[in-house]
Amino acid sequence: MSDSPHTPAITAQPHRRRTVSRRRLRVCHECDLLVALPRLAPGQKADCPRCGHTLVRRHANPAERSLALALATLTALALSVAFPFIGFELSGIGNRIELTDSASILIGLHQPLVALCVLLTVIILPLVYLLSVSWLCAGMLLGRPLPRSRQIARTLRHVTPWMMADVFVIGTLVSLIKVVGMADIELGMSFWTFCAFALLLLMTTQSVDKDWLWFSLDRRAMAPPGAVPGRTASEQNLCGCATCGLVNALPAHGKARCRRCDEPLHPWHGINNQATLALLAASVIMYLPANLYPIMVTTSLGSSSPSTIIGGVLLFIQHGDWPIAFIIFTASILVPVCKILALLWLCYIVRHEQAALSPMSRIRLYRITEFVGRWSMVDVFVVAILVALIRNGNLMSIEPGPAALAFAAVVVLTMLAAMLFDQRAIWAGATHNNNENRKEPNHV
Ligand SMILES: [Zn+2]
Ligand SMILES: [Zn+2]
């Protein structure tokens with residue numbers, strides 16, 4: 001392990017006699033290895049030496065940086081809600097929608113759950129996240145945490161995976177390409193501010209250093225005495241908190257909770273994939289109506305034509321829109337199917353030692369599966385936008401089909417299945433001193 005000034009050394013070897021502050025000990029959530037963080041300068045990050053998972057990422061002036069980004073993002077969101085989003089004009093009949101119409105019109109068309117899904121992922125959860133980050137960072141800048149800071153900091157981890165403003169931008173672009181040939185489209189000011197909002201939201205989530213945040217909320221918390229870096233937490237009867245990162249000693253009886261944030265701990269008790277398998281089974285069941293029923297019904301000059309997901313892809317191919325056909329096919333058909341198959345396969349191979357793939361390849365497969373899952377929501381957003389935008393009665397209007405809800409359920413269920421898959425199972429059979437899997441800590 002290099003000790004050059006550009007590569008901060010992570011202490012992960014039990015043989016190296018080195019006194020490490022208990023404050024610096026962390027458990028990697030992906031492979032369960034207990035590691036000691038080096039001193040990190042702003043701009044540096046520390047990766048797990050065993051699986052490469054980024055443990056912490058430090059920033060210069062973290063409170064000022066995150067607060068400034070969160071306030072800028074909130075401003076962009078306020079502007080996005082206040083102004084017209086897109087305008088649509090066909091044969092002299094015009095229609096202008098605001099961002100919130102993509103959800104409110106779905107409620108009027110008896111799709112309240114799809115509307116809730118759109119509203120939560122695009123506006124409400126990002127709003128909760130941004131207000132929480134602002135509240136926490138304001139406390140840091142004032143020198144003492146504001147009331148309820150711990151409860152608020154706990155919610156950040158649960159909210160982050162469900163924010164999908166960037167997916168909504170892609171959904172809007174696909175919707176526009178779908179209608180641009182048949183009508184005049186006008187991009188409102190809110191469209192541009194929403195693109196800025198999606199970008200700023202990504203920058204805000206990247207700027208939040210969870211490890212620093214929790215350390216600022218409670219500077220006294222440290223790992224239990226006797227914790228040895230370089231061995232897994234489970235073999236030392238320890239468990240890392242997934243919410244705040246503190247290393248906790250496990251009690252002999254009863255359910256364990258984190259000493260610092262009070263979230264339930266999830267100690268390693270061997271391979272248990274039942275929750276993931278149950279959610280995958282549910283998503284396979286929901287995948288059938290999602291593809292067999294129409295996702296939207298288009299009325300044009302008095303005649304209605306329902307279209308399924310695959311029907312929509314074929315229509316784009318007929319019109320020669322290959323790039324959009326590719327996006328919809330990838331997001332709506334390829335990604336959900338591959339995600340379900342990849343998770344099923346991972347559940348199988350972690351139980352079979354002789355099965356193919358090294359632990360590093362397995363964890364890469366899992367990371368890809370987790371990363372791409374949310375992008376499937378693009379088709380649900382396309383339906384929400386088209387339904388709100390095209391409401392010209394018998395001349396031309398679009399209504400949501402029953403597959404919209406089923407497909408949203410597939411996306412949510414597969415995301416939950418990936419979240420509940422315990423990555424530690426991938427490393428359970430691997431020896432943690434295997435240098436083949438080691439990766440030098442990175443410096444940015
Ligand atoms: Zn790791
Ligand atoms: Zn905790």
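Cut-offs and rules
- Residues numbered from 1 in each chain as written.
- Chains lettered and ligands numbered in written order.
- Predicted model: local features only at pLDDT ≥ 70, side-chain atom pairs only at ≥ 80, totals over all residues.
- Heavy atoms only, no water.
- Donors = N, O, S within 2.8 Å, 3.2 Å for Na, K, Ca; no water.
- Tetrahedral: all angles 85-135°; square planar, octahedral: opposite > 155°, others 65-115°.
- Buried < 20%, exposed > 50% of the residue type's maximum accessible area, 1.4 Å probe, protein only.
- Pairing = 2+ DSSP bridges.
- Helix = DSSP H or I, 4+ residues; strand = E, 2+ residues; numbered from the N terminus.
- Axes fitted to C-alpha atoms, helices over the stretch in contact; angles between N-to-C directions.
- Core = buried A, V, L, I, M, F, W, Y, C linked by side-chain atoms within 4.5 Å.
- Domains from an automatic or database assignment.
- Contact = heavy atoms within 4.5 Å.
- pLDDT = per-residue confidence, 0-100.
- Salt bridge = Lys/Arg side-chain N within 4 Å of Asp/Glu carboxyl O.
- Phe/Tyr/Trp six-rings, centres within 6.5 Å; stacked < 30°, edge-to-face > 60°.

## Some remarks on the coordination of the zinc ion (ligand 1)
Part 1 of the argument: Around the zinc ion (ligand 1), the protein contributes the donor atoms C28 (SG), C31 (SG), C48 (SG) and C51 (SG), which lie 2.2 to 2.3 Å from the metal centre.
Part 2 of the argument: Taken together, the four donor atoms coordinating the zinc ion (ligand 1) and their angles of 102 to 118 degrees define a geometry best described as tetrahedral.
Part 3 of the argument: Here the donor residues for the zinc ion (ligand 1) map to a single chain with the spacing C-x2-C-x16-C-x2-C.
Part 4 of the argument: Classification of C48 by relative accessible area gives buried; the value is 0%.
Part 5 of the argument: The exposure class assigned to C51 is buried, which follows from its relative accessible area of 0%.

## Let's talk about the sheet that holds strand β6 (residues 93-98)
Part 1 of the argument: On the basis of which strands lie adjacent, the open sheet formed by three strands has the order β6-β5-β7 and antiparallel pairing. In this open sheet, the two strands that pair with only one neighbour each are β6 and β7 (184-187). Neighbour to neighbour, the strand axes of the sheet diverge by 15 degrees on average, direction disregarded.
Part 2 of the argument: Pairing of strand β5 (residues 84-90) with β7, which is carried by four bridges, proceeds in the antiparallel orientation. Bridge pairing in β7 links G87 to E186.

## Examining the coordination of the zinc ion (ligand 2)
Part 1 of the argument: Looking at the metal site, the zinc ion (ligand 2) is ligated by C241 (SG), C244 (SG), C258 (SG) and C261 (SG), spaced 2.2 to 2.3 Å from it.
Part 2 of the argument: Coordination geometry of the zinc ion (ligand 2): the four donor atoms subtend angles of 100 to 118 degrees at the metal centre, consistent with an arrangement described as tetrahedral.
Part 3 of the argument: Motif for the zinc ion (ligand 2), donor spacing along one chain: C-x2-C-x13-C-x2-C. Of this pair, C241 sits in the loop between β8 (238-240) and β9 (247-249) while C261 sits in the loop between β9 and α8 (274-292), and the two are 20 residues apart along the sequence.
Part 4 of the argument: Assessed through its relative accessible area of 1%, C241 is described here as buried.

## Some remarks on the nonpolar core
Part 1 of the argument: Counting residues in hydrophobic clusters, the biggest one holds 97 residues, and the most contacted among them are F168 and F194.
Part 2 of the argument: Top contributing element to this core by residue count: helix α3 (residues 112-142), with 13 residues.
Part 3 of the argument: The two domains that each donate at least three residues to this core are domain 2 (62-215) and domain 3 (274-427).
Part 4 of the argument: Beyond its immediate sequence surroundings of up to four residues, F168 is in contact with F85, L99, S102, V118, V122, F194, F381 and I385.
Part 5 of the argument: Core analysis: the next-biggest nonpolar cluster, separate from the first, contains 29 residues, L279, I340, L343 and I349 among them.

## Observations regarding the pairing of strand β11 (residues 303-307)
Part 1 of the argument: Across five bridges, the pairing between strand β10 (residues 296-300) and β11 is antiparallel. Considered in β11, the bridge of M296 is made with S307.
Part 2 of the argument: Counting the residues between successive antiparallel strands, the hairpin from β10 to β11 contains two residues, one of them, L301, with a positive phi of roughly 50 degrees.

## Observations concerning the confidence of the model for the protein chain
Part 1 of the argument: Averaged over all residues, the pLDDT of the protein chain equals 88, while 91% of them reach at least 70.
Part 2 of the argument: Below pLDDT 50 for its whole length, residues 1-7 participates in 16 contacts with residues either more than four positions away or in separate chains.
Part 3 of the argument: Every residue in residues 432-444 is under pLDDT 50, and counting partners more than four places away or in other chains gives 41 contacts.

## Quick notes on the pattern of salt bridges
Part 1 of the argument: Within the structure shown, the criterion is met by 13 salt bridges.
Part 2 of the argument: Here D166 and R374 are joined by a salt bridge, their closest N and O atoms 2.9 Å apart. Here the residue D166 occupies a position in helix α5 (residues 165-179), and R374 occupies one in the loop between α11 (359-372) and α12 (378-389), the gap between them amounting to 208 residues.
Part 3 of the argument: Relative accessible area serves as the criterion here: at 13%, D166 is assigned to the buried category.
Part 4 of the argument: By relative accessible area, which is 16% here, R374 ends up buried.
Part 5 of the argument: The shortest N-O distance in the salt bridge between D422 and R424 comes to 3.0 Å.
Part 6 of the argument: Owing to a relative accessible area of 12%, R424 belongs among the buried residues under this scheme.

## Focus on the packing of aromatic side chains
Part 1 of the argument: One pass over the structure, following the stated rule, counts eight aromatic pairs.
Part 2 of the argument: Ring geometry for F168 against F194: centres 5.3 Å apart, planes inclined by 70 degrees, an arrangement best described as edge-to-face. With F168 in helix α5 and F194 in helix α6 (residues 189-207), this residue pair connects regions lying 26 residues apart in the sequence. Each member of the pair, F168 as well as F194, is classed as buried.
Part 3 of the argument: Three or more aromatic residues joined by ring pairs form one cluster here, namely F85, F168, F191, W192, F194, F197 and F381.

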